[in-house]
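Reading the structure
Okay, here's what each chain looks like letter by letter:
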Amino acid sequence: RGGGEAASKAADALTMIAGETGGRAAVAAQTDAIRLLVGLLSSVECAAQACRALMNIALGSPASGTAIASAGGVERLVALLPSDASVGAKAAGALANVLSSNDPNRVAAREAGAVPLLVTMLRGGGEAAASAAQAIAMIAGETGGRDAVAAQTD
């Protein structure tokens, strides 16, 4: 659960493996790998790499999003949103994939306070704003999420 060079390299390796379609399914099937990556979200040295790996794993896979959420990933990704622009952008991108086609995860993100943090990121522009927009779109796909997003734009 700690950081360090070995953990950072492991997260990088999982990112590359999960970036390939067949590799994505293989990594997603390993719940220990998902738990490890979610744990690395709390490591300053490894958070960005862990976000990228989780983003790749969750891409197009609601089941992987559920596994990430079950490991506490939604709350940890939301907690990273106010980080520096690079880490925040990666967290928002991972969050968008974890929320895709997954209403329970959308509710969890909304309840964890994601909407106001994402709206703040939108105002900052750049890569972080683009990733935040994707995550907001995912949250708005759920009825309560639409209301929460609308309340932030009033």
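To be clear, the structure that these remarks concern was listed above.
What comes next concerns the included structure.

Cut-offs used in this document
Residues numbered from 1 in each chain as written. Predicted model: local features only at pLDDT ≥ 70, side-chain atom pairs only at ≥ 80, totals over all residues. Heavy atoms only, no water. Helix = DSSP H or I, 4+ residues; strand = E, 2+ residues; numbered from the N terminus. Buried < 20%, exposed > 50% of the residue type's maximum accessible area, 1.4 Å probe, protein only. Contact = heavy atoms within 4.5 Å. Arc of directions from axis to C-beta. Expected span 1.5 Å × (residues − 1). Axes fitted to C-alpha atoms, helices over the stretch in contact; angles between N-to-C directions. Left-handed = near helix turned anticlockwise from the far one by under 90°. Core = buried A, V, L, I, M, F, W, Y, C linked by side-chain atoms within 4.5 Å. Parallel < 35°, antiparallel > 145°, perpendicular 65-115°, else oblique. Nonpolar A, V, L, I, M, F, W, Y, C, P; charged D, E, K, R; others polar.

Another point: the overall build of the protein. In terms of helices and strands, the protein carries eleven helices and zero strands. By the burial criterion, 47% of the 154 residues in the protein qualify as buried. Across the protein, contacts joining residues at least 24 apart in sequence account for 66% of those joining residues at least 6 apart.

Glancing now at helix α5 (residues 62–70). Burial in α5 covers these residues: Ser64, Gly65 and Ile68. In a view along the axis of α5, the buried residues occupy a sector of 105°, so they form one face of it. Away from its buried face by more than 90 degrees, α5 exposes Ala63 and Ser70. Where α5 ends, the next residue or the one after it, Gly72, has phi of about 90°, a positive value.

So, about the side chain of Ser131. On the secondary structure map, Ser131 appears in helix α10 (residues 126–139). Apart from residues no more than four positions distant in its own chain, Ser131 is found in contact with Ala89, Ala92 and Gly93.

So, about helix α7 (residues 85–99). Over its 15 residues, α7 extends 21 Å from the first C-alpha to the last, a length consistent with the 21 Å expected when each residue adds 1.5 Å. With 13 of its 15 residues buried, α7 lies for the most part within the structure.

Another aspect to go through is the packing of helix α9 (residues 114–124) against α10. Running from N to C, α9 and α10 point in directions that differ by 145°, and their axes come no closer than 7 Å. Relative to α10, α9 is oriented so that their crossing is left-handed. Residues Ala114, Val115, Leu118, Val119, Met121, Leu122 and Gly124 of α9 form the contact with α10, whose participating residues are Gly126, Ala128, Ala129, Ala132, Ala133, Ala135, Ile136 and Ile139.

Counting 42 residues, the largest nonpolar core has Leu81, Leu95 and Leu118 as the members making the most contacts within it. Taken together, the elements giving at least two residues each to this core come down to α3 (31–40), α4 (47–58), α6 (73–80), α7, α9, α10 and α11 (143–153). Examining the composition of this core, we find that nine residues originate from one element, α7, more than from any other. With residues up to four places along the chain from it excluded, the contact list for Leu118 reads Leu81, Ala92, Ala132, Ala135, Ile136 and Ile139.

Here we take up the packing of α7 against helix α8 (residues 103–111). Contact pair α7 / α8: the axes reach a minimum separation of 8 Å and the direction vectors enclose 140°. Classified by the interaxial angle, the pair formed by α7 and α8 is oblique. Only Asn105, Arg106 and Ala109 of α8 make contact with α7, whose side of the interface consists of Leu95, Val98 and Leu99. Residue classes in the contact of α7 with α8 are distributed as four nonpolar, one polar and one charged.

Below, the discussion takes up the environment of Ala128. Within the secondary structure, Ala128 sits in helix α10. Put simply, Ala128 and Gly93 are 35 residues apart on the chain and 8.5 Å apart in space, counted from C-alpha to C-alpha. For Ala128, the residues in contact, after removing those within four places along its chain, are Ala85, Ala89 and Met121.

On to unusual backbone geometry, then. Look at Ser101: it is not a glycine, yet its phi comes out positive at around 55°. Mapped onto the elements of the fold, Ser101 is located in the loop between α7 and α8.

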